[in-house]
Amino acid sequence: MAANGGQEQSRWITTVIMSTALQNHEISTILQRQQHRVRYSESVEIGSVIFSLSGVAFILADTQDLLMTREEPFFGRIQRFINIHRNSFLVLSAALHGPEEWNVMFRIQRRFLGSNLRIIPVHNSAETVKLMLTIAKITSKLRADDIRYQMAMTKAQIIENSPVWKMLQEYQLHGN
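Treat the numbers as computed from the prediction; the structure is a model and nothing was measured.

Draft legend 1. The arrangement of the packing of aromatic side chains in detail. Under the defined criterion, the tally for this structure stands at three aromatic pairs. Measuring from ring centre to ring centre gives 5.8 Å for Phe51 and Phe58, while their planes differ by 85°; the resulting arrangement is edge-to-face. Judged by relative accessible area, Phe51 falls into the buried class, the value being 0%. Take Phe58: its relative accessible area is 0%, and that puts it in the buried class. Between the aromatic rings of Phe58 and Phe89, the centroid separation amounts to 5.1 Å while the plane-to-plane angle is 25°, which identifies the pairing as stacked.

Pasting the structure below:
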């Protein structure tokens, strides 16, 4: 019972804006099942998932589709996406990340080197949703403030219990 109560307490619900092209996608279904408010928009880049309250945006791509099509149209979509979204991620999905898939990722990295695009390889929709929610959750304002506070408290505790800190305090006491 206590473990279940702890899970309920940590439940995080948010609003997600998705491209209408993803309306019947498994990712949309998973997010809705988890009670997230999913809204669809035709004005966002095809394949995008935006967590506006967290300030992060993801564009989804299947590596196999990229192997079968020309890169330039896809690169154009990515460029428009990163021009709009400051905190952007490309989620590359493949059942297996073999040499061809890693080569695709390398070409994308090389093309967008120095941009604000981060590339994340995933294997399936469940993994995709989990990573998007994790990133969105830790970058949301409330969580970010909480994490900063916890980091400050941990830092203070480490310093307080540090043998070096104790030695410096003793040195200061005996030196004066």
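Draft legend 2. Spotlight on the pattern of salt bridges. By the definition in use, this model includes three salt bridges. Put simply, Arg77 and Glu45 hold a salt bridge, and the shortest N to O gap is 3.8 Å. Linking Arg77 in helix α4 (residues 71-84) with Glu45 in the loop between β2 (37-41) and β3 (48-51), this pair joins segments that are 32 residues apart in sequence. For Glu45, a relative accessible area of 17% translates into the label buried.

Draft legend 3. Inspection of the layout of surface pockets at higher detail. Its boundaries defined by the atoms lining it, the largest pocket holds a volume of some 390 Å³. If you trace the largest pocket, you find 21 residues lining it, with His25, Leu60, Ala61, Asp62 and Asp65 closest to the centre. Of all the secondary-structure elements, those providing two or more residues to the lining of the largest pocket are β4 (56-62), α3 (63-68), α4, β5 (88-93) and α6 (125-139). Its residues assigned to classes, the lining of the largest pocket comprises 10 nonpolar, seven polar and four charged.

Draft legend 4. Structural view of the nonpolar core. Counting 23 residues, the largest nonpolar core has Met18, Leu31, Val49, Phe51, Phe58, Leu131 and Met132 as the members making the most contacts within it. Of all elements in the fold, only β1 (15-19), α2 (26-33), β3, β4, β5, β6 (117-122) and α6 reach the threshold of two or more residues within this core. Contact partners of Phe51, with chain neighbours within four places excluded, come to Thr14, Thr15, Val16, Val56, Phe58, Met132, Leu133 and Ala136. Val44, Ile82, Ile108 and Ile119 belong to the second-largest nonpolar core, a separate cluster that totals 19 residues.

What counts and how
- Residues numbered from 1 in each chain as written.
- Predicted model: local features only at pLDDT ≥ 70, side-chain atom pairs only at ≥ 80, totals over all residues.
- Heavy atoms only, no water.
- Phe/Tyr/Trp six-rings, centres within 6.5 Å; stacked < 30°, edge-to-face > 60°.
- Buried < 20%, exposed > 50% of the residue type's maximum accessible area, 1.4 Å probe, protein only.
- Salt bridge = Lys/Arg side-chain N within 4 Å of Asp/Glu carboxyl O.
- Helix = DSSP H or I, 4+ residues; strand = E, 2+ residues; numbered from the N terminus.
- 1 Å grid on protein atoms, 1.4 Å probe; cavity = no way out; pocket = protein on both sides within 12 Å on 5 of 7 lines; lining within 4 Å.
- Points joined across faces, edges and corners; volume = space filled by probe spheres on them.
- Nonpolar A, V, L, I, M, F, W, Y, C, P; charged D, E, K, R; others polar.
- Core = buried A, V, L, I, M, F, W, Y, C linked by side-chain atoms within 4.5 Å.
- Contact = heavy atoms within 4.5 Å.

Everything listed here is a matter of geometry and, on its own, says nothing about what the molecule does.
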